[in-house]
Amino acid sequence: CKMLLHILLAAGCIAAVTGDSNILTGANDVIVARGLDGDLYSTPFSVQFGKKDIWLPRSGHVVSMRVNGEMVPLSMTLNSVGHAYFDTRKVVQSNYRFWSALLGVADPSSNQMTDMASADQLEKLPLNNGINNIEYQVTTSSGSILKTSGNVYLVNSTQKFVISDIDGTITRSNVRGMVLPVLGLSDWKHNGVVKLYSLISEQGYMLIYLSSRAIGQSDNTRDYIYSLREGNYTMPRGPIFLRVDSIFNAFATEVIDGNPEVQKIKIGRASCRERV
């Protein structure tokens, strides 16, 4: 898992942003494996609730979790830009305070927030081998109940992976691969890619899908990937990791700057020093 974290960091699927332009809600998938020391390890729990769904100041809202429909004794908290984190403080203030959130003083210091679950926290999740559904839920101070979901993949430490980009690799164009599926034109893919990936999966490899799309596009991206078909072949199920950023920044990097790989390397290097 540690090697996998390096790859995901370098791909830009694990990142931090400071501006609050996060409009959409979404979550990356998670991979969990048991190490040789007996402890569970995972990729980050990257979750975002956007302004479209929570118009109130988001800092301090509690994010509860369900795994395979079962409520678990584990929660996260939203920060001022709508990203969920595990609070590492021994004493945690779990009540939402509007004025503290509005004034921007509700977040703990950066070293007290993490999206990495500890081994003890991971043990609280009732995971089955393979694919598990995870649902993140926020009840706002106004009484609204908001949800987003993803998948948790519990794998063996010996699991083999093939990592693939989505835009420009599965799709035939980086830019149009990001835009056309949103417009309902979901077959903008390379011919033969579904059959190829299916044959790879049959050899015992798990596909991991990476994209520079914003995390708020997670539901659309999963629907797009798993809708692809060629004859009797369907796209193999596998973890999907998107850029933890706003849709505006993601689109600007892909379309305006035209150099998503530069941003991925830059963010990956900085994140590796902090997290791995």
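Heads up: the structure comes first, above all this text.
Rules and cut-offs
- Residues numbered from 1 in each chain as written.
- Predicted model: local features only at pLDDT ≥ 70, side-chain atom pairs only at ≥ 80, totals over all residues.
- Heavy atoms only, no water.
- Helix = DSSP H or I, 4+ residues; strand = E, 2+ residues; numbered from the N terminus.
- Buried < 20%, exposed > 50% of the residue type's maximum accessible area, 1.4 Å probe, protein only.
- Contact = heavy atoms within 4.5 Å.
- Areas by Shrake-Rupley, 256 points an atom, 1.4 Å probe, with all protein chains shown as cover.
- Pairing = 2+ DSSP bridges.
- Phe/Tyr/Trp six-rings, centres within 6.5 Å; stacked < 30°, edge-to-face > 60°.
- Core = buried A, V, L, I, M, F, W, Y, C linked by side-chain atoms within 4.5 Å.
- Arc of directions from axis to C-beta.
- Salt bridge = Lys/Arg side-chain N within 4 Å of Asp/Glu carboxyl O.
- Polar contact = N/O pair within 3.5 Å; in protein donor to acceptor, adjacent residues only side chain to side chain.
- Axes fitted to C-alpha atoms, helices over the stretch in contact; angles between N-to-C directions.

Novice: Hey, could you go over the overall build of the protein for me, with residue numbers and the actual values?
Specialist: Within the protein, the secondary structure is distributed over 8 helices and 15 strands. Here the protein holds 276 residues, and the buried ones make up 47% of them. Considering only contacts in the protein between residues 6 or more positions apart, those separated by 24 or more positions represent 71%. For the protein, the accessible area works out to roughly 13,300 Å², and carbon and sulfur atoms hold 51% of it.

Novice: Give a description of the pairing of strand β10 (residues 145-155) that names residues and reports values.
Specialist: Most of β10 is tucked away, with 8 of its 11 residues classed as buried. Here strand β2 (residues 30-34) runs beside β10; their pairing, made up of 4 bridges, is parallel. Considered in β10, the bridge of isoleucine 31 is made with tyrosine 153. Where strand β9 (residues 130-139) lies against β10, 10 bridges are found, and the strand directions are antiparallel. For threonine 139, the partnering residue across the bridge sits in β10 and is isoleucine 145.

Novice: Lay out the packing of aromatic side chains with the relevant residues and their values.
Specialist: The geometry of an aromatic ring pair is captured by two quantities: the separation of the ring centres and the angle between the planes. All told, the structure shown has 2 aromatic pairs when counted by the stated rule. Plain terms: the ring middles of phenylalanine 45 and phenylalanine 86 are 5.7 Å apart, the flat faces sit at 80° to each other, and that makes the pair edge-to-face. Note that phenylalanine 45 is positioned in the loop between β3 (40-42) and β4 (47-48) and phenylalanine 86 in strand β7 (residues 84-87), a separation of 41 residues in sequence. Here phenylalanine 45 and phenylalanine 86 have matching classes, each one buried. Summarising the aromatic geometry, the rings of tyrosine 197 and tyrosine 209 are spaced 6.5 Å apart at their centres and angled 20° between planes, so their arrangement reads as stacked.

Novice: Go over the nonpolar core with me, naming the residues and quoting the values.
Specialist: Buried together is how nonpolar side chains tend to be arranged in soluble globular proteins. Ranked by size, the top nonpolar core spans 28 residues in total, and within it Val32, Phe45, Phe49, Val63, Met65, Leu125 and Tyr136 carry the most contacts. Of all the secondary-structure elements, those providing two or more residues to this core are β2, β5 (62-67), β6 (70-78), β7, β9 and β10. Per-element tally for this core: the top contributor is β6, with 4 residues. Those residues in contact with phenylalanine 49, other than ones at most four positions away along the chain, are Leu24, Thr25, Ile54, Arg58, Val63, Leu78, Gly82, Tyr136, Val138, Leu146, Lys147 and Thr148. Core analysis: the next-biggest nonpolar cluster, separate from the first, contains 22 residues, Ile170, Val193, Tyr224 and Tyr226 among them.

Novice: Tell me about helix α5 (residues 193-202), residues and numbers included.
Specialist: Structurally, the α-helix is built with 3.6 residues per turn, so residues lying three or four positions apart point the same way. Buried residues of α5: Val193, Val194, Tyr197 and Ser198, and no others. For α5, the angular spread of buried residues about the axis comes to 130°, placing them on one side. At the C-terminal side of α5, glycine 204 shows a positive phi close to 95°.

Novice: Break down the pattern of salt bridges for me, with residues and values.
Specialist: The full count for this structure, using the stated rule, is 5 salt bridges. For arginine 34, the salt bridge is made with glutamate 123, and the minimal N-O distance between the two is 3.0 Å. One end of the pair, arginine 34, is in strand β2; the other, glutamate 123, is in helix α3 (residues 119-123), with 89 residues separating them in the sequence. In this structure, a network of salt bridges that share partners links the residues Asp29, Asp219 and Arg222.

Novice: Report on the side chain of glutamine 48, specifying residues and quantitative values.
Specialist: As for its placement among the helices and strands, glutamine 48 is situated in strand β4. Classification of glutamine 48 as buried rests on a relative accessible area of 1%. There is a polar contact of 2.8 Å between the side chain of glutamine 48 and the backbone oxygen of leucine 24.

Novice: Hey, could you go over the environment of arginine 229 for me, with residue numbers and the actual values?
Specialist: Examined against the element boundaries, arginine 229 turns out to sit in strand β13 (residues 229-230). Note on arginine 229: relative accessible area 52%, which makes it exposed. Sequence separation between arginine 229 and valine 193 is 36 residues; the distance between their C-alpha atoms is 9.4 Å. Looking at arginine 229, its side chain comes within polar contact range of the main-chain oxygen of tyrosine 226, at 3.5 Å. Looking at arginine 229, its side chain comes within polar contact range of the main-chain oxygen of serine 227, at 3.4 Å.

Novice: I'd love a proper account of unusual backbone geometry, names of residues and values included.
Specialist: Notably, asparagine 68 is not glycine yet its phi reads approximately 55°, a positive angle. Mapped onto the fold, asparagine 68 is located in the loop between β5 and β6.

Novice: Outline the sheet that holds strand β11 (residues 160-165), listing residues and values.
Specialist: The parallel open sheet is built from 3 strands, whose spatial order is β11-β12-β15. In this open sheet, the two strands that pair with only one neighbour each are β11 and β15 (240-243). In this sheet, adjacent strand axes meet at a mean angle of 25° when their direction is disregarded. In terms of strand pairing, β11 meets strand β12 (residues 205-214) through 6 bridges, oriented parallel. Note that in β12 the partner of valine 162 across the bridge is leucine 207. On the sheet, α5 packs against β11 and β12 and is oriented at approximately 135° with respect to β12.

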